[in-house]
Structures are given as structure tokens and as C-alpha cells.
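Summary of the model geometry
One letter stands for each residue in the lines below.
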Amino acid sequence: MQVRFLGDYDYRNQYTADRREGIGVCGWILVSLSFLLVLITFPISIWACMKVIREYERAVVFRLGRIQSKKAKGAGMILILPCTDTFIKVDLRMVACKIPPQEILTKDGVTARVDGVVYYRIYSAVSAVANVSDVHSATLLLAQTTLRNILGKQSLAQLLAGREEIGRSIQAILNSAAEQWGVKVARVEIKDVRIPMAMQRAMAAEAEAARETRAKVVAAEGEMNASRALKQASMVLSESPAGLQLRYLQTLTTVAAENNSTIIFPLPMNMLGSLGQKSRGG
């Protein structure tokens, strides 16, 4: 996705045009006078001309208000002319920028507060100085608006389940828009998603109901399997009266082992059968 801003300052074209025009005759006279002043006051003036740039910094040098070269200078020691040259240091290290919590309305009408973190660095010091007044503030504001726009097109379920994909989409849009500022976005993370308490309770109740439904289904399947096993066992026992007697004795042993206070009066199975026949005959 390509994002272009109307009125963006195209530094490369402007720089080429400025190099053709040059600093003019008066500019060269002032530069010559500045250089002559350095020679006259040497070696005292050398301390004002030498500047040290750290390894993670670059210096954009302006001579009479114009950028001196396409590429920033550094790291190490650089020389500038007094009175005519000024410079701006740019930090090239990775910056972790926290996106403040944003109130968004998701696609399915749920209000949420979302915050995140953007990791970016400046790869072109000249573009970061010449094309935008404050590159860090501009990147933060762009990240906020992009986060709101992207999340407004997602449902709550997509927002909760697809944070990595959403982060990659925001990263691609930021890289496309901030390329003219000399900024490279390395990573975008969705840090926290907060929804109203009523919605949290509703989601918790829905999840609990779903778990209870699954539990009832599992219990019903267990009862069905147990009933099938009992049916098969009854068919086997009906074919063998001795097996039924052994099962009866095993049940008595189990009850006696678990409940010692229970008094059991064992009766023969044939006696129970004869009693059942007499009751039917009477």
C-alpha cells in the first residue's frame, strides 16, 4: 500500500536544483573570509572547527543555510567553518516509541482501548532533517492515526486473535509513509487491548456456557458407551448362571472392603429365583 502526502518536500530534486544554483558569488566571498579567519587565528581556531561525532550519530552540515552534501558526515571528527557552517546531529539508534491508548470502535460495534509500541530508526539523516520538522513526533502521530484506521476495520475477535498480522499491516503502511522522512519501521506490537467490564462479563459467561456444553456432551457420550458395555455384559451373564453368581460374590467382596460398617446377609441365587417364582405363582 503506497501512501503519499500532498505537499511533501522532495529533498532529492530540491537538492539537485540547489547544487546547480550554488551559493552565489557573495556566498563564496563569505566562505573565503571564514577560511581566511581560520588561517589567521590558527591554531586557536582549530578547536572551534573540530567537532566529534559519535559512532551512532551523523551530522547534517549546513553552509549558508544550504545542506552541504547529500550524505551526512560522521562518525568521527569533522571540520566546519565558523560563521558560515552549522550542523545538526541525528541519532541513528533504534527508538522504542509507545503509542498512547487509543479509543477505537471495532467493526462489530465494540468500544476498546488499544495501545502499542513502535520500533523504528533513522537510516537517512539528511531526509530526517530536511523533510520534516520533528521526525519523532511525526512518526508517533502517524502511528496513532494508522493504528486507529486499521483497527477500526477489524472485529473484536480478529483484533484479539490476529495481533501479529495487524502489526505487520501497520508496519507496512508506516514504512510506505515514513520513507520520505528517512525512517525505517522495524516492528509494531499491539501491547494491550482493554474492553468494557460488561463485555468482559458477557464473554466470560459465553465461554463458561461453551465449556459446560462440551462437558455435558462428553458426559452423555460416556453414559452411552457405559450403557452399551452394560448391555453386552448382561447378555454374557444371562448365558452363564455361574458367572452371575461369581459377579454377585465379587460385589460382596468390594462392598465389604470399602464399607466395613455395612452388614451383608448373602443369600443363594437359586433361593431368590424360587422366591420370585412363588410370588408369581401366588
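Summarised in this report is the structure supplied together with it. The structure displayed is predicted, hence computed values, not measured ones. (Residues numbered from 1 in each chain as written. Predicted model: local features only at pLDDT ≥ 70, side-chain atom pairs only at ≥ 80, totals over all residues. Heavy atoms only, no water.)

**Concerning the environment of Ala-172**
Structurally, Ala-172 can be placed in helix α7 (residues 163-178). By relative accessible area, Ala-172 is classed as partly exposed at 45%. Each C-alpha atom, one on Ala-172 and one on Ala-186, is 9.7 Å from the other, the two residues being 14 residues apart in sequence. (Helix = DSSP H or I, 4+ residues; strand = E, 2+ residues; numbered from the N terminus. Buried < 20%, exposed > 50% of the residue type's maximum accessible area, 1.4 Å probe, protein only.)

**Quick word on helix α5 (residues 135-151)**
Three- or four-residue spacings in an α-helix give side chains the same orientation, since the helix completes a turn every 3.6 residues. With 17 residues, α5 extends 24 Å between its outermost C-alpha atoms, agreeing within 8% with the 24 Å of an ideal straight helix rising 1.5 Å per residue. Three or more residues of α5 are buried, namely Val-135, Ala-138, Thr-139, Leu-142, Ala-143, Gln-144, Thr-146, Leu-147, Ile-150 and Leu-151. Here the buried face of α5 lies against β6 (95-105), β7 (111-122), α4 (125-130), α6 (156-161), α7 and β8 (183-194). (Expected span 1.5 Å × (residues − 1). Contact = heavy atoms within 4.5 Å.)

**Some remarks on the side chain of Asp-115**
Along the chain, Asp-115 falls in strand β7. For Asp-115, which is buried and forms no salt bridge, the nearest opposite charge comes from Lys-191, at a distance of 4.9 Å. Once residues within four sequence positions are removed from consideration, Asp-115 is found in contact with Lys-98, Ile-99, Pro-100, Pro-101, Ile-190, Lys-191 and Asp-192. (Lys, Arg positive; Asp, Glu negative; His and termini not counted. Salt bridge = Lys/Arg side-chain N within 4 Å of Asp/Glu carboxyl O.)

**Topic: the sheet that holds strand β5 (residues 85-91)**
The three strands are arranged β3-β2-β5 in an open sheet whose pairing can be described as antiparallel. Strand pairing shows two members of the sheet lacking a second neighbour, β3 (66-67) and β5, which therefore form its edges. (Pairing = 2+ DSSP bridges.)

**As for the packing of aromatic side chains**
Across all of its chains, the model carries zero aromatic pairs by this definition. Stacked on the ring of Tyr-56, the Lys or Arg Arg-93 has its end atom at 3.8 Å from the ring centre. (Phe/Tyr/Trp six-rings, centres within 6.5 Å; stacked < 30°, edge-to-face > 60°. Lys NZ or Arg CZ within 6 Å of the ring centre and 35° of its normal.)

**Thoughts on the nonpolar core**
Val-60, Val-114, Val-118, Ile-170, Leu-174 and Trp-181 are the most contacted members of the largest nonpolar core, which has 40 residues in total. For this core, the secondary structure elements donating two or more residues are β2 (57-63), β6, β7, α4, α5, α6, α7 and β8. In terms of residue count, α5 provides more of this core than any other element does, seven residues in total. If you look at the next biggest cluster of nonpolar residues, it comprises five residues, including Ile-53, Val-61, Ile-78 and Ile-80. (Core = buried A, V, L, I, M, F, W, Y, C linked by side-chain atoms within 4.5 Å.)

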